[in-house]
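Structural overview for review
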Amino acid sequence: MSAPILTAQNLCRHFEVKTGLFGGSHTVRALDGASFDLVPGRTLAVVGESGCGKSTLANLVTMIDTPTSGSFAIDGKDIQPGDELRDKKLRAKVQIVFQNPYGSLNPRQTIGKILMEPLLLNRPDIPADEREKRAREMVELVGLRPEHFNRYPHMFSGGQRQRIAVARALMLEPEILVLDEPVSALDLSIQSQVLNLLTDLQDKFNLAYLFISHDLSVVRHFADDVIVMYLGKPVEQGSKEQVFNAPRHPYTKALMSATPMADPANRVERIKLEGELPSPLNVPVGCAFNPRCWKATDQCRAERPPMSGGDHGFACFHPEGPEQ
Ligand SMILES: Nc1ncnc2c1ncn2[C@@H]1O[C@H](COP(=O)(O)OP(=O)(O)OP(=O)(O)O)[C@@H](O)[C@H]1O
Ligand SMILES: [Mg+2]
């Protein structure tokens, strides 16, 4: 495996939010301690319920937002707040594709213009004819036709628009692509076409993917490595095989059991989670999952379990599987 292109250490993003009329405030721990590597040619999937901090993590990696604490490095260089504004080359290395293929493209621009714009802004050294040539090549690379170059976004289907969004993200030749629920808004049959395109592009350009999804059946096909998040905290991480075939954290096990598996050999008894997902404004003391966990003990209600277990990490005092 090649060396990581991005290394994140204990990344946290906390938000101060005002509560009530009397100047009270509260801290939302949207992301609370994520450590991981992104490796060229590999896909790291981040999974978890709505509000667990997936997009917060995506915003940090793409430098749209800055961490409250923790650090990350790209190509061995520690990233400080504002670096991306000072260094366009650094900014270009990480690009993002969002979930909504309808909202993310400017309806008044042709596809050609949409694709050329990143070059116009970031690479003024590239002459206009070369800019156009690259944009036309990209149209074909993502499986659209040459005549699409002069059309407007409303003339395309959702799947085609996501191809355009991917094309735009690739114009600056990034090394990392953050995919925030890139196929969730698409029909099932279209989802697999877009995922196949992403796989081909990853092979062609040796891209590192950070793939955010709440759909475990998609993750099972698409990911190499997985982080499972719960209320801002990674609770389990490892290779796809480790996390899917031998989950250690009860939350992972419950998530997996709720996902329909095509292969009967992989079917497990469904675990029904008791209770609601707690508010991120009021995260339970100890292990955040303890109020819903069938294994919780006094220790789980008092102490936060650290991530342990080496390359297959899990944050649990009473893990599933072999005793330690
Ligand atoms: N700017 C902000 N100010 C205050 N709280 C925020 C802010 N951004 C996110 N949050 C909170 O942080 C938590 C994590 O949000 P985030 O958008 O990262 O979740 P998510 O996992 O992407 O959810 P979804 O699956 O619904 O997209 C949520 O509780 C959210 O309300
Ligand atoms: Mg999100």
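The shown structure was predicted, so the numbers you read here are calculated from the model rather than taken from an experiment.

A closer look at helix 5 (residues 128–141)
- Spanning 14 residues, helix 5 covers 20 Å between terminal C-alpha atoms, matching the ideal 20 Å at 1.5 Å per step.
- Within helix 5 the residues assigned to the buried category are Arg131, Ala135, Met138 and Val139. In a view along the axis of helix 5, the buried residues occupy a sector of 105 degrees, so they form one face of it.
- At its buried positions, helix 5 is contacted by helix 4 (111–122) and helix 6 (158–170).
- Of the residues flanking the end of helix 5, it is glycine 143, one or two places downstream, whose phi is positive at about 85 degrees.

Overview of the site of ligand 1
- Taken together, 13 residues lie around ligand 1, and Ser50, Gly51, Lys54, Ser55 and Thr56 are the ones closest in.
- Taking cysteine 52, its main chain carries an N or O atom lying 3.2 Å from an oxygen atom of ligand 1.
- Contact between ligand 1 and lysine 54: an oxygen atom at 2.8 Å from a side-chain N or O atom of the residue.
- Contact with the protein chains hides 62% of the accessible area of ligand 1, taken as 640 Å² for the molecule alone.
- When residues of the shell around ligand 1 are traced back to their parent elements, those giving at least two are strand 1 (6–19), strand 2 (24–38) and helix 1 (54–61).

A look at the pattern of salt bridges
- Overall, the coordinates contain 19 salt bridges when judged by the stated rule.
- In this structure, arginine 29 and aspartate 32 form a salt bridge, with 3.8 Å as the shortest nitrogen-oxygen distance.
- For aspartate 32, a relative accessible area of 6% puts it in the buried group.
- A salt bridge links glutamate 173 to arginine 134; its shortest N-O distance comes to 3.3 Å. On the criterion of sequence distance, the pair formed by glutamate 173 in the loop between helix 6 and strand 7 (176–180) and arginine 134 in helix 5 is long-range, its members being 39 residues apart.
- Linked by salt bridges that have partners in common, Arg29, Asp32, Lys233 and Arg304 make up one network.

A few points about the sheet that holds strand 7
- Strand order in the open sheet made by the seven strands is 6-7-8-3-9-10-11, with mixed pairing throughout. The sheet terminates laterally at strand 6 (94–97) and strand 11 (313–314), the two strands that pair on one side only.
- Sheet contacts for helix 7 (residues 188–205): strand 3 (43–47), strand 7 and strand 8 (208–212); angle to strand 8, the most-contacted strand, approximately 155 degrees.
- Packed on one face of the sheet, helix 10 (residues 250–257) meets strand 3, strand 9 (225–230) and strand 10 (233–239) and runs near 105 degrees to strand 9.

Some details on the side chain of arginine 292
- You can see arginine 292 is positioned in the loop between helix 10 and helix 11 (298–302).
- At 3.0 Å, the side chain of arginine 292 forms a polar contact with the side chain of tyrosine 230.
- Setting aside residues no more than four positions away along its own chain, arginine 292 makes contact with Glu49, Tyr230, Leu273, Glu274, Gly275, Glu276, Leu277 and Pro278.

Overview of the sheet that holds strand 2
- The strand order across the open sheet formed by four strands is 2-1-4-5, and the pairing between neighbours is antiparallel. Either end of the sheet is taken by a strand with one partner, and the two such strands are strand 2 and strand 5 (77–78).
- Pairing between strand 4 (residues 69–74) and strand 5: two bridges, direction antiparallel. Bridged to alanine 73 within strand 5 is aspartate 78.

Topic: the pairing of strand 10
- Across the seven residues of strand 10, seven count as buried, placing the element largely inside the fold.
- Pairing of strand 9 with strand 10 involves six bridges; the strand directions are antiparallel. When the bridges of strand 10 are listed, valine 226 appears paired with glycine 238.
- Hairpin connection of strand 9 to strand 10: two residues between the antiparallel strands, including leucine 231 at a positive phi of 50 degrees.
- Pairing geometry for strand 10 and strand 11, over two bridges, is antiparallel. Paired with glutamine 237 across the strands is glycine 313, a residue of strand 11.

A word on unusual backbone geometry
- At aspartate 75, a residue that is not glycine, the phi angle is positive and equals roughly 55 degrees.
- Tracing the sequence through the fold places aspartate 75 in the loop between strand 4 and strand 5.
- A positive phi is found at glutamate 173, a non-glycine position, where the angle reads about 55 degrees.
- Residue glutamate 173 is classed as exposed on the basis of its relative accessible area of 53%.

About the cut-offs
Residues numbered from 1 in each chain as written. Chains lettered and ligands numbered in written order. Predicted model: local features only at pLDDT ≥ 70, side-chain atom pairs only at ≥ 80, totals over all residues. Heavy atoms only, no water. Helix = DSSP H or I, 4+ residues; strand = E, 2+ residues; numbered from the N terminus. Expected span 1.5 Å × (residues − 1). Buried < 20%, exposed > 50% of the residue type's maximum accessible area, 1.4 Å probe, protein only. Arc of directions from axis to C-beta. Contact = heavy atoms within 4.5 Å. Near = heavy atom within 4 Å. Polar contact = N/O pair within 3.5 Å; in protein donor to acceptor, adjacent residues only side chain to side chain. Areas by Shrake-Rupley, 256 points an atom, 1.4 Å probe, with all protein chains shown as cover. Salt bridge = Lys/Arg side-chain N within 4 Å of Asp/Glu carboxyl O. Pairing = 2+ DSSP bridges. Axes fitted to C-alpha atoms, helices over the stretch in contact; angles between N-to-C directions.

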